[in-house]
Amino acid sequence: MKKRTFSLKNWLLAAATGLLGINVGCHSFAAMYGTPWAEFEVKGRVTNQQGEPIQGISVSAYTDTVTSNAAGRYDLTFSNVPWGDIPLHVKDVDGIENGSYQDTVVNIPLDEVQYEDGDNDWYMGHATINQDIVLKVQE
C-alpha cells in the first residue's frame, strides 16, 4: 500500500508541474519564442511590353502599397517574416488614364535574397531587391 501511495504522489507531482509549465527534464538549452524577421526594400520599374514606363500602377506586398511614378519607378519598404515567397500584387488603379493593363502577381523567392546586417539570431537583416515588372495590355 505504501508503494502505491508513493507512485501516486509522484504522478500527481509530475502532472502538477507539467500543467504549470515547469520543466523537470535535463535539457541544457534555453527555449526561445518568436519568429525570424527581416526588413525589405523592393524597388524597380513598371513597363509595358514595349519597355515604356507606366505611371499609376499599384504595387503592394502584404499591407504596404505604393504607386509607380511618371518614370514607372516604385520603391516599396516593409518588414515581414522571411518565410516563403514575397508576393507583389500589381494592379492598374488609374483606369484608362495611362492605358489599361492586366493585374498580376509577381513572386520573389526568398531563397535568392541576400541579407545584410543581421544579428545571427531572430533579425535576418536588411535586403534590397530589384524587381522590374512588365505588364500586358488589358484586352
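Residues numbered from 1 in each chain as written. Predicted model: local features only at pLDDT ≥ 70, side-chain atom pairs only at ≥ 80, totals over all residues. Heavy atoms only, no water.

J.: Summarise the pairing of strand β3 (residues 64-67); cite the residues concerned and give the values.
T.: The side chains of a regular strand alternate, residue by residue, between the two faces of the sheet. Looking at chain direction, strand β2 (residues 57-61) and β3 are connected through four bridges and run antiparallel. Residue pairing in the sheet places S60 in a bridge with T65 of β3. Hairpin geometry of β2 and β3 is characterised by an intervening segment of two residues between the two adjacent antiparallel strands and by a positive phi of about 60° at Y62. (Pairing = 2+ DSSP bridges. Helix = DSSP H or I, 4+ residues; strand = E, 2+ residues; numbered from the N terminus.)

J.: Can you lay out the packing of aromatic side chains for me, pointing to particular residues and giving the numbers?
T.: Under the defined criterion, the tally for this structure stands at four aromatic pairs. When the ring of W37 is compared with that of Y123, the centres are 4.7 Å apart and the planes differ by 50°; the resulting orientation is tilted. In this pair, W37 is assigned in strand β1 (residues 37-48) and Y123 in strand β7 (residues 123-130), connecting sequence segments 86 residues apart. For W37, a relative accessible area of 34% gives the class partly exposed. (Phe/Tyr/Trp six-rings, centres within 6.5 Å; stacked < 30°, edge-to-face > 60°. Buried < 20%, exposed > 50% of the residue type's maximum accessible area, 1.4 Å probe, protein only.)

J.: Please provide a residue-by-residue account of the nonpolar core, values included.
T.: Counting residues in hydrophobic clusters, the biggest one holds 23 residues, and the most contacted among them are F40, V46, I86, L88, I133 and L135. Listing elements by their share of this core, those giving two or more residues are β1, β2, β4 (73-80), β5 (85-92), β6 (104-109), β7 and β8 (133-135). In terms of residues, this core owes the most to one element, β1, which gives four residues. (Core = buried A, V, L, I, M, F, W, Y, C linked by side-chain atoms within 4.5 Å.)

J.: Go over the pairing of β1 with me, naming the residues and quoting the values.
T.: Both β1 and β7 contribute to a ladder of seven bridges, which runs parallel. In the sheet register, F40 faces β7, and the bridge partner there is A127. Sheet topology note: the β1/β4 ladder contains eight bridges and is antiparallel. Across the sheet, the residue bridging to E39 is S79, located in β4. Note: β1 against β8, three bridges, orientation parallel. Opposite T47, over in β8, you have V134 as the bridge partner.

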